[in-house]
Amino acid sequence: MDPKQKALEEQFQARIDADEKIEPKDWMPDAYRKTLIRQISQHAHSEVVGMLPEGNWVTRAPSLRRKVALLAKIQDEAGHGLYLYSAAETLGVSREELLEELHTGKAKYSSIFNYPSLSWADMGAIGWLVDGAAIMNQVMLTRTSYGPYARAMVRICKEESFHQRQGYEILLTLCRGAEAQKQMAQDALNRWWWPALMMFGPSDKDSTHTQQSMRWRIKRKTNDELRQQFIDATVPQADFLGLTVPDPALKWNEERSHYDFGEIDWDEFWNVVKGNGPCNRQRLQARVEAHEEGAWVREAAMAYAEKRRRRQEERKVEVA
Amino acid sequence: MTNKKDWPLWEVFIRSKNGLSHKHVGSLHAADAEMAIENARDVYTRRSEGVSIWVVESRYITASSPDQAESLFDPADDKVYRHPTFYNLPDEVKHI
Ligand SMILES: [Fe+2]
Ligand SMILES: [Fe+2]
C-alpha cells in the first residue's frame, strides 16, 4: 500500500478508536464504504420485503383493533426501508441501483421473510420474535460508527417497540383463549423460533465479515453475543405465555448466567440464503411486480411536476 | 445517475414544536416540493413529531468540505477570551 493511503487509513482507524462518528463527506477506506453499502442496503431490503408476510393477514385480522395495529406496523416498516435507503444513498449509490440489485437477486435480505405466514398466530410470533430479534441488532446499531446509519437506527428503534409489544399481545390473547387457540400459538412458536435465531447470522467462527466490522465499529457485538442476548430475554417471555420453546437442549446455565441451547441447523440457513427457502421466489416476484406496476405512477408524477413547473415559469414571464 | 424518470432527492427539516428551530431529520425522493412535503408528513411525523416541515432539494445545499475543517474551525480554538470564564472576578461580585 502506498504510504499516503496507509497514513489515511491509520488516521481513519484512530478516529474510529476514539469513537468519533464518520459522516458522508469524510474520507473513508473503500472497503468501509462497500461494507456499509452492502449492510445498509440489505437492511433496507429486509424492511421492505418484511412487509409481505404480514400484508398477507391485513384483510383477515380478527378485529378492527388488530387491523389498525398491523397496518400501522407495516407502514412503519416501509418508513424504515426509506430511512435506510436514504442512509445508503449518502455513500454514493442511487436508489435505482439498490432496487436493481434487489430485483435481480444480487442483493440479499433477511432470510426470515422467506418463511410463510400460515395462521393469525404468526402475526403474533413475527412481532414478538422477528421484530424482537431485529430490535436486539438495531439497538446495537444506534452506536454504529457511520453517522447517517446510526441516526436512522435511533428513529427506527423508537418506532420498533410497539411492534414487538403488539405481537406479544396477540399471542397472550391466544394463550388465554381456547385450547385450539393456544395450540395455534404453540404451532407458530414452533415454526418461527429457529428461523428467528438464524436472523443473527452465521456463528462467529463462520462469519466472514464480523471481525473487520467490529474493528470499524460498524458492529459492536458479534452474531453469537446478540443471539445469546435474544434467547436470554425471550425464553422467560415464552414461559409467561405458557408455551414451550421447541429446543430440548434449552436449559438455564447457572454458571454462565445464560441459557444453553441446541445446535442451529446451518444447512437450512444456507439453503434459504441461497434462494431455496419456502417463499424466496414468491417474495422477489412480489417486489418486482410492485415496482414494475408502479412505474407509470412514478412517470406520471414526474410529468405532472414538470408541467406545473413550466406553467409557473410561463406565468412569471406574463407578469414581467 | 440523474435519469429524467427518477424523482429527485429532498432534505427534510421538521420543527417539533413552536419555539424550536427546524431540524434536519432525513431525506426522501419526490417529484416536486408539494409531494416532498406530503411524503415527509407520512414518513417523519406519523407520531406527532412535528408542527412544521421544510423541504429543500438536496442539490441546492452547499456544504463545507471536511478538508476545509481546519482552516474554518481551528482559528476559534485559541480564542479563550471569547468565553466568560476567561475573566477573573472576585467571588463577592454577584449576578455577573
Ligand atoms: Fe423495522
Ligand atoms: Fe418492526
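Above this note sits the structure.
Our subject in this report is the structure included herewith.

The rules behind each value
- Residues numbered from 1 in each chain as written.
- Chains lettered and ligands numbered in written order.
- Predicted model: local features only at pLDDT ≥ 70, side-chain atom pairs only at ≥ 80, totals over all residues.
- Heavy atoms only, no water.
- Helix = DSSP H or I, 4+ residues; strand = E, 2+ residues; numbered from the N terminus.
- Buried < 20%, exposed > 50% of the residue type's maximum accessible area, 1.4 Å probe, protein only.
- Contact = heavy atoms within 4.5 Å.
- Phe/Tyr/Trp six-rings, centres within 6.5 Å; stacked < 30°, edge-to-face > 60°.
- Lys NZ or Arg CZ within 6 Å of the ring centre and 35° of its normal.
- Donors = N, O, S within 2.8 Å, 3.2 Å for Na, K, Ca; no water.
- Expected span 1.5 Å × (residues − 1).
- Arc of directions from axis to C-beta.
- Pairing = 2+ DSSP bridges.
- Axes fitted to C-alpha atoms, helices over the stretch in contact; angles between N-to-C directions.
- Tetrahedral: all angles 85-135°; square planar, octahedral: opposite > 155°, others 65-115°.
- Polar contact = N/O pair within 3.5 Å; in protein donor to acceptor, adjacent residues only side chain to side chain.
- Salt bridge = Lys/Arg side-chain N within 4 Å of Asp/Glu carboxyl O.

Moving on, we get to the overall build of chain A. Of the regular secondary structure elements, chain A holds 13 helices and two strands. Considering only C-alpha atoms, chain A reaches an extent of 75 × 55 × 35 Å along its principal axes. Looking at chain A as a whole, 50% of its 320 residues qualify as buried. Here the analysis covers contacts within chain A between residues at least 6 apart in sequence; of these, 76% occur between residues at least 24 apart.

Turning our attention to the packing of aromatic side chains. Two aromatic rings, taken as a pair, are described by how far apart their centres are and by the angle between their planes. All names here are of chain A. Taken as a whole and judged by the stated rule, the model has 15 aromatic pairs over all chains. Between tryptophan 57 and tryptophan 120, the ring centres sit 6.4 Å apart and the planes meet at 65 degrees, which makes this aromatic pair edge-to-face. A residue pair is termed long-range when its members are at least 10 positions apart, and tryptophan 57 in the loop between helix H3 (51–55) and helix H4 (64–89) and tryptophan 120 in the loop between helix H5 (95–103) and helix H6 (121–141) qualify at 63 residues. Considered together, tryptophan 57 and tryptophan 120 belong to a single accessibility category, that of buried residues. The ring of tryptophan 57 has arginine 60 lying over it, and the distance from NZ or CZ to the ring centre is 3.8 Å.

All names here are of chain A. At this site the iron ion (ligand 2) is bound by Glu77 (OE), Asp131 (OD), Glu160 (OE), Glu160 (OE) and His163 (ND1), with donor distances of 2.0 to 2.8 Å. One chain supplies every donor to the iron ion (ligand 2), and in sequence these donors are spaced E-x53-D-x28-E-x2-H. Between the iron ion (ligand 2) and the iron ion (ligand 1) the interatomic distance amounts to 3.3 Å, and glutamate 77 serves as a bridging ligand to the pair. Highlighted residues: glutamate 160 and histidine 163, both in helix H7 (residues 147–175), separated by three residues, approximately one helical turn.

Another point: helix H1 (residues 3–17) of chain A. All names here are of chain A. Between its first and last C-alpha, H1 extends 21 Å over 15 residues, near the 21 Å set by a 1.5 Å rise per residue. Buried residues of H1: Phe12, Gln13 and Ile16, and no others. Across the axial projection of H1, the buried residues extend over an arc of 95 degrees, all falling on one side. The exposed set on the far side of H1, more than 90 degrees from its buried face, consists of Pro3, Lys4 and Gln11.

Further remarks concern the sheet that holds strand E3 (residues 52–57) of chain B. All names here are of chain B. Pairing is antiparallel in the open sheet, where three strands are placed in the order E2-E1-E3. Edge strands, defined here as strands with exactly one partner in the open sheet, are strand E2 (23–29) and E3. With direction set aside, neighbouring strand axes in the sheet form an average angle of 30 degrees.

Right, let's get into the coordination of the iron ion (ligand 1). All names here are of chain A. The coordination sphere of the iron ion (ligand 1), as far as protein atoms go, consists of Glu47 (OE), Glu77 (OE), His80 (ND1) and Glu160 (OE), spread over 2.1 to 2.3 Å. In this structure, the iron ion (ligand 1) is coordinated by four donor atoms arranged in irregular fashion, with angles at the metal of 80 to 160 degrees. The sequence motif formed by the donor residues of the iron ion (ligand 1) is E-x29-E-x2-H-x79-E.

Residues and elements named next belong to chain A. With respect to the secondary-structure elements, leucine 64 resides in helix H4. Exposure remark for leucine 64: the relative accessible area of 64% places this residue in the exposed category. For the pair formed by leucine 64 and threonine 234, sequence separation is 170 residues and the distance between their alpha carbons is 28 Å.

Now for helix H11 (residues 266–276) of chain A. Residues and elements named next belong to chain A. For H11, every residue scored as buried is listed here: Trp266, Phe269, Val272 and Gly275. Close packing links the buried residues of H11 with helix H8 (179–198), helix H10 (223–241) and helix H12 (280–293). The N-cap of H11, judged by a side-chain oxygen 3.2 Å from the amide nitrogen of aspartate 267 a few residues on, is aspartate 265.

Okay, unusual backbone geometry next. Although it is not a glycine, aspartate 19 of chain A adopts a positive phi angle of roughly 65 degrees. Locating aspartate 19 of chain A in the fold gives a position in the loop between H1 and helix H2 (30–49). Not every positive phi belongs to a glycine, and serine 48 of chain B is a case in point at roughly 55 degrees. Position of serine 48 of chain B relative to the elements: it lies in the loop between helix H1 (33–44) and E3. Looking at serine 48 of chain B, the relative accessible area reads 69%, which means it is exposed.

Applying the stated criterion to the full structure yields 30 salt bridges over all chains. A salt bridge links arginine 191 of chain A to aspartate 187 of chain A; the shortest N-O distance between them is 3.0 Å. Placement of both arginine 191 of chain A and aspartate 187 of chain A in helix H8 is noted, with a separation of four residues, approximately one turn of the helix. Its relative accessible area of 34% is what places aspartate 187 of chain A among the partly exposed residues. For the salt bridge of arginine 308 of chain A with aspartate 32 of chain B, the shortest nitrogen-to-oxygen distance reads 2.4 Å. In this pair, arginine 308 of chain A is assigned in helix H13 (residues 295–319) and aspartate 32 of chain B in the loop between E2 and H1, connecting two distinct chains. Judged by relative accessible area, which is 24%, arginine 308 of chain A ranks as partly exposed.

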